[in-house]
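What follows is each chain in one-letter form.
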Amino acid sequence: MTEKTTTGKNGANGTAEGYDAVVVGAGAAGLNAALVLGRARRRVAVVDAGEPRNAPAAHMHGFLSREGMPPAALLAVGREEVARYGVHLIDGRVEHVERAGPAEPGFVVRLAGGPVLHARRLVVATGLRDGLPDLPGLAERWGRDVLHCPYCHGWEVRDRPLGVLGTGPGAVNQALLLRQWSDDVVLLAHTLEPTAAERERLAARGVRVVEGRIVRVVADDGRLRGVELDTGRVVTREAVFVAPRPVPRDALLLGLDCARDDDGWVTTDRTGRTSVPGVWAVGNVADPRAQVVVAAGAGAAAAFALDHDLVDEEIGRAVALCRASGPALPV
């Protein structure tokens, strides 16, 4: 890989045999990063394995001007927009990323059964997967009437009988929060044992606690009917909420030895910059709470910082070249 800059048909200041930036993941974060970089006349490739986190959801919410839009439609529009600026979209899976080496700065990005890409900078926007409780019938209804985020889905199930599955420590707070969307909210305790203080708060908020272990999520004719307990009782509900365990798709970042926090998440600064120079991590791979609109903003912030980083490198190289060639001749 050379460091000679070229101008492609999109005017990108890339390398002759590679890219200014490779973005891994074409969700809202990755595509928005690519959009900003493409408009900055950078040579950019986006590699995507086609596994968006919100694929089960019919609509997305909380994104101004895109309220209620199907997630797949947003990504399709985003792909069209980045392509206008010469961004290369590659459908594939990145198997491995490694540093190019001291004499060859940047990164080598290896695709499964595909080409090897060279990148001066790397943006990882691979997202996360939701680790769901192992309850029969739950995964089949995920993203439909088994939900996780009241701010994403609460309006659509307002004033209906709602349940919260007590499968994790966040269930009590989830039930307390959901009460503002419905007067009929129950906490299905399952393996959870609320404290006396938590039970007091739930009662004061008007949330009932139903004891008993959950056996399965019951659906009839393609719709949720309720939750069956080990007593045989079916607690009828029109929607239930559960807090999944977020599992970041961060193998590429860990392979580069990016630093992690005490909870195991890759640490970044406000722009998504990791501890490894030249590597940014944006969206749900670094922030499990980021909704689509937040992830898109994070992608833009990373692109601004990444471009400034490239400009600094280019200026430094130009200054060194000027110094090596001697003093400038008077005009």
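Above this text sits the structure in question.
Residues numbered from 1 in each chain as written. Predicted model: local features only at pLDDT ≥ 70, side-chain atom pairs only at ≥ 80, totals over all residues. Heavy atoms only, no water.

**Q** Can you explain the sheet that holds strand β14 (residues 214-220)? Please cite residues and give values.
**A** An order of β14-β15-β16 is seen for the three strands of this open sheet, with the pairing classed as antiparallel. The sheet terminates laterally at β14 and β16 (234-236), the two strands that pair on one side only. Each neighbouring strand pair of the sheet contributes to a mean axis angle of 30°, computed without reference to strand direction. Two strands pair when backbone bridges link them, and β14 and strand β15 (residues 223-229) are joined in this way by six bridges, in the antiparallel orientation. Paired with valine 217 across the strands is valine 227, a residue of β15. (Pairing = 2+ DSSP bridges. Helix = DSSP H or I, 4+ residues; strand = E, 2+ residues; numbered from the N terminus. Axes fitted to C-alpha atoms, helices over the stretch in contact; angles between N-to-C directions.)

**Q** Residues and numbers for helix α6 (residues 196-205), please.
**A** Little of α6 is tucked away: one of the ten residues are buried. One or two residues past the end of α6 sits glycine 206, with phi positive at roughly 85°. (Buried < 20%, exposed > 50% of the residue type's maximum accessible area, 1.4 Å probe, protein only.)

**Q** Please provide a residue-by-residue account of the packing of helix α5 (residues 171-178) against α6, values included.
**A** Here α5 crosses α6 at 15°, and the two axes come no closer than 10 Å. With respect to α6, the axis of α5 lies roughly parallel. Remark: the crossing between α5 and α6 carries left-handed chirality. Residues Val172, Ala175, Leu176 and Leu177 of α5 pack against Glu198, Arg201, Leu202 and Arg205 of α6. Of the residues in the contact of α5 with α6, the class split is five nonpolar, no polar and three charged. (Parallel < 35°, antiparallel > 145°, perpendicular 65-115°, else oblique. Left-handed = near helix turned anticlockwise from the far one by under 90°. Contact = heavy atoms within 4.5 Å. Nonpolar A, V, L, I, M, F, W, Y, C, P; charged D, E, K, R; others polar.)

**Q** I'd like a rundown of the sheet that holds strand β13 (residues 208-210), residues and numbers included.
**A** On the basis of which strands lie adjacent, the open sheet formed by five strands has the order β10-β17-β11-β12-β13 and parallel pairing. Each end of this open sheet is capped by a strand with a single partner; those strands are β10 (146-147) and β13. Taken together, the four bridges between strand β11 (residues 162-165) and strand β12 (residues 185-188) define a ladder with parallel strand orientation. Looking at the pairing, leucine 165 lines up with leucine 188 of β12. Those strands touched by α5 are β11, β12 and β17 (239-241), and its axis lies near 165° from that of β11.

**Q** Tell me about unusual backbone geometry, and name the residues and values.
**A** In this model, aspartate 159 sits at a positive phi of 65°, which is unusual for a non-glycine residue. Under the relative-accessibility criterion, aspartate 159 is labelled exposed at 64%.

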